[in-house]
Amino acid sequence: VYKRQPMYLEQLKEEIQLHIKTEQEITSESLQKLKLLEACFQESIRLMSPAPILVPRVASQDQQLGNIIMKKGSIVNVNIISLLCGKGLLNEKQFRPERFLNGELDKLDPMLKIPFSAGPRNCIGQHLSLLEAKICLLYTSPSPRDRQKSRMPSSA
């Protein structure tokens, strides 16, 4: 998703050039400094969740949510895309990674931002997944690195 946003590609180039010049400089610490890269990833998975519907749950008791009544024993599905882009919450499908940088999402219930689920049954591999995603994005993001000194591939 972020590659369709030329405005952010230039900013990503600058951020990567500032913090990572060669492949040897790719460390956990240097990856943590790539705030815009992480924000672009978070915004991408907000718009296109890797798991748009959570594992169904069984209601343990009768519950009413707005006009919806769920009886005990009912199967309940959560549509993550509706939570992250639906009416009344973020209510937009516009790509704006700065929402992850400026604290705009801090006002929302943290259970609304759940691309890896949340609570006691959340994804145990989410931190590894985020680290891998940053590395993949780093390798595929356009960057003015010295390709002679690094084995990192050029981006088209």
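Everything discussed here concerns the structure shown above.
Here is a short report on the structure shown in this document. What you are looking at is a predicted structure, and each value in this text was computed from that prediction instead of being measured.

Turning to the overall build of the protein, a few remarks are in order. What the protein contains, in helices and strands, is 5 helices and 4 strands. Counting helices and strands in the order they occur from the N terminus, the protein gives α-α-α-β-β-β-β-α-α. When burial is assessed residue by residue, the protein has 35% of its 156 residues classed as buried. Looking at the protein as shown, the accessible area adds up to about 10000 Å², and 56% of this sits on carbon and sulfur atoms.

This next bit is on the pattern of salt bridges. For the structure on display, the rule yields 5 salt bridges. Between Lys134 and Glu38 there is a salt bridge whose closest N-O contact spans 2.9 Å. Pair noted here: Lys134 is in helix α5 (residues 126-140) and Glu38 is in helix α3 (residues 35-47), with a separation of 96 residues, a long-range link. On the basis of relative accessible area, Lys134 is assigned to the buried category, the value being 10%. A relative accessible area of 27% means that Glu38 is categorised as partly exposed. Note that Glu98 is salt-bridged to Arg96, the shortest N-O span being 3.7 Å. Its relative accessible area of 26% is what places Glu98 among the partly exposed residues. A residue is classified by how much of its surface remains accessible, and Arg96, at 18% relative accessible area, is buried.

This paragraph deals with the packing of aromatic side chains. For the structure on display, the rule yields 1 aromatic pair. Centroid distance Tyr8 to Phe95: 5.5 Å. Interplanar angle 70°. Geometry classified as edge-to-face. In this pair, Tyr8 is assigned in helix α1 (residues 6-19) and Phe95 in the loop between α4 (80-85) and α5, connecting sequence segments 87 residues apart. Residue Tyr8 shares its accessibility class with Phe95, and that shared class is buried.

With respect to the helices and strands, the residue Gln11 is situated in helix α1. Note: C-alpha distance between Gln11 and Leu37 (26 residues apart in sequence) is 9.3 Å.

Scoring rules and cut-offs
- Residues numbered from 1 in each chain as written.
- Predicted model: local features only at pLDDT ≥ 70, side-chain atom pairs only at ≥ 80, totals over all residues.
- Heavy atoms only, no water.
- Helix = DSSP H or I, 4+ residues; strand = E, 2+ residues; numbered from the N terminus.
- Buried < 20%, exposed > 50% of the residue type's maximum accessible area, 1.4 Å probe, protein only.
- Areas by Shrake-Rupley, 256 points an atom, 1.4 Å probe, with all protein chains shown as cover.
- Salt bridge = Lys/Arg side-chain N within 4 Å of Asp/Glu carboxyl O.
- Phe/Tyr/Trp six-rings, centres within 6.5 Å; stacked < 30°, edge-to-face > 60°.

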